[in-house]
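# Notes for the structure review
Spelled out, the chains give:
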Amino acid sequence: MTMLSLSSSPHHHNRRDIGQVMRLVCYATIPGILANVWFFGFGILIQVVLAVITALVTEGVIMELRKKKTERVLKDYSAVLAALLLAISIPPLAPWWVIVIGTFFSIAVVKQLYGGLGYNMFNPAMAGYVMLLISFPMQMTSWLPPLSIAEQSHSLWDAIHTIFTGFTSTGFSVEQLKVGVDGTTMATPLDEVKTALLQGYTVTEAKSHIMFDGNYGKGWLWVAMAYLLGGLFLIKTKVINWHIPGSMLASAALLSLFLFLLDGDQYASPLFHLFNGSLIVGAFFIATDPVSASTTSKGRIIFGAAIGLWVIIIRNWGGYPDAIAFAVLIMNMAVPLIDYYTQPRTYGHKTKASKDS
Amino acid sequence: MSEYQDLSVQGIWKNNPALVQLLGLCPLLAVTATVINGLGLGIATTLVLLGSNITVSLVRNFVPNEIRIPIFVMIIAAFVTIVQLLMNAFTFELYQALGIFIPLIVTNCAIIGRAEAYASKNRVQLAAFDGLMMGLGFTLVLVVLGAMRELLGYGTLLVGADLLLGDWAKDLTIVVFTTESPFLLAILPPGAFLCMGLLIAFKNMLDRLIEKRSQRAKQAKIVQRARVTGTDI
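Note that this is a predicted model, so its numbers are computed, not measured. (Residues numbered from 1 in each chain as written. Chains lettered and ligands numbered in written order. Predicted model: local features only at pLDDT ≥ 70, side-chain atom pairs only at ≥ 80, totals over all residues. Heavy atoms only, no water.)

## What about the nonpolar core?
One finds I90, Y227, F285, F303 and I307 of chain A to be the most contacted residues of the largest nonpolar core, which totals 102 residues. Of the residues forming this core, the biggest block, 10 residues, is contributed by helix α5 (residues 78–89) of chain A. When sequence neighbours within four positions are dropped, the list of residues in contact with I307 of chain A reads M248, A287, A327, V328 and M331 of chain A. In terms of nonpolar packing, the next biggest core, distinct from the first, is built from 34 residues, L28, I36, M87 and L142 of chain B among them. (Core = buried A, V, L, I, M, F, W, Y, C linked by side-chain atoms within 4.5 Å. Buried < 20%, exposed > 50% of the residue type's maximum accessible area, 1.4 Å probe, protein only. Helix = DSSP H or I, 4+ residues; strand = E, 2+ residues; numbered from the N terminus. Contact = heavy atoms within 4.5 Å.)

## Here we look at a nonpolar patch on the surface
Taken together, L113, Y114, Y119, M121 and M333 of chain A together with L198 of chain B make up a surface patch of nonpolar side chains, about 620 Å² in accessible area. Position of Y119 of chain A relative to the elements: it lies in the loop between α6 (96–112) and α7 (124–135). (Patch = residues over 30% accessible without salt bridge, like charges linked within 9 Å, V, L, I, M, F, W, Y side chains within 5 Å. Areas by Shrake-Rupley, 256 points an atom, 1.4 Å probe, with all protein chains shown as cover. Salt bridge = Lys/Arg side-chain N within 4 Å of Asp/Glu carboxyl O.)

## Structural notes on the pattern of salt bridges
Note on pairing: side chains with opposite charge can pair once their charged atoms come close. Residues and elements named next belong to chain A. Tallied over the full model, the rule gives seven salt bridges over all chains. One salt bridge in this structure joins K75 and E71, with 3.0 Å as the shortest N-O distance. Neither K75 nor E71 differs from the other in exposure class; each is exposed. Of the charged contacts, one joins D322 and R315 as a salt bridge, the two residues approaching to 2.9 Å between their closest N and O atoms.

## Some thoughts on the state of the cysteines
Within the structure shown, the criterion is met by zero disulfides over all chains. With no disulfide of its own, C26 of chain B lies closest to C109 of chain B among cysteine sulfurs, the gap being 9.3 Å. (Disulfide = S-S within 2.5 Å.)

## Overview of the side chain of T70 of chain A
Residues and elements named next belong to chain A. Tracing the backbone through its elements, the reader meets T70 in helix α4 (residues 70–74). Classification of T70 as buried rests on a relative accessible area of 14%. With sequence-adjacent residues up to four places away left out, T70 is seen in contact with G60, M63 and E64.

Following this line, the structure appears as structure tokens:
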């Protein structure tokens, strides 16, 4: 049956329906996920599976409760994508209930309570992430070192075992898995630099740590590169526009370059900021969410640029080492305002400037 | 419906200070991390409401209209001080747990709202009953909100009952589940906002259900009659 309905964004004026678009974005995360598996172990795969199952069950139940067409909604893959993005944002060996609670919150509270796809003001994946981060700080910061410098390696079975019981099949805890070959507990590159700066070291001294390979965290660079590849594929296939990722990366790079030139000991270089943490994933996959992002071309540039600025500001002076989620949520709030002031001129109407003259 | 019944329905449900008027949200959101904190503040607020409503109603004919608000505020402040001193004396630990939010009852708009809107215009008995019912409605919301947040956050109910009720109440604590990592969102203020929103939504849902029921009952009573008057079509 055909269904003509007035809907809010995402509007797509081509042959693809929402399901196809969402699926393409899911596919585009595959290189990044594979790179993550290669460098950090199988945990992320299990998180993705758990998240997708939770998302589908939650969405299905709520659709039934709201007496909507469950099958049609489940097939638009928006819940799957939100779950996927949340799963790749959390530490790979976080306990199973973390991702289940987070995905449930994303879908039920952030998305469906606002009215479902097209009505949610906030990015579901990021709102879920922030909820998890402030609720379970310990679990949400237990990032593993890359396998190449970890003291203990872990197999697929170990990953499953750890996610469900907290220990590997041979009895190591996540805390022990976090220990690197040098015998110290590892953090993420951003966290390491932030902690070192707080202790009075310079950025260069912080980067002499075993987890760094020059400017970049071992493993992290390649994961970021893989996501970049997926992101470029999305731009190539016109699933997303260049505006948000382009302006976001550019503004982050410019601000960090300015700070770096001001004081290279206190502020890390632009390349460090671009390829550590989740800036690349954020720029191509998260900030480009068609529902909660700005909908005009000019608005998207402002939206992306502001996120980039917030990311660098929070990374340098905030309490948390990374900031994509906070930056995206802050700018989600500003989207109605941005859209209001960046309405494009409708065809046949004059611009304000030409009207005045 | 008698005046008293009407006042009870208004205070507890239809015009609930927390769920419908959305007054006094600051203490509501700040102290409801546990049931007992909510109950403690609820009882304190009810006592103040009762006292202030009675007093305002008694003096309503002597207070010049122009300066009634400062006078009401002073009356409320006096009762808050009394309650604060009483709590300091008899439930010291709860007094410490609630901290600044006991003196802040003075600023609770629900209290001055009732003084202004009801007590200053009605007889003492009615004003006292109104204060009691409004306070009860407020306390109920505080307790339910506290229960939601305590259950989600710590997995327990009625922790610290001994602070309010004395040592015998230590055994009242119900442990629903134990967790090493409390669900901080429920305990932090954002969780209070979320739970509050859910509560209001739930109340609205119930209201709508009741309305539908009553409408259906009404429709059932109306007998449908098809009357044919003219045959020359």
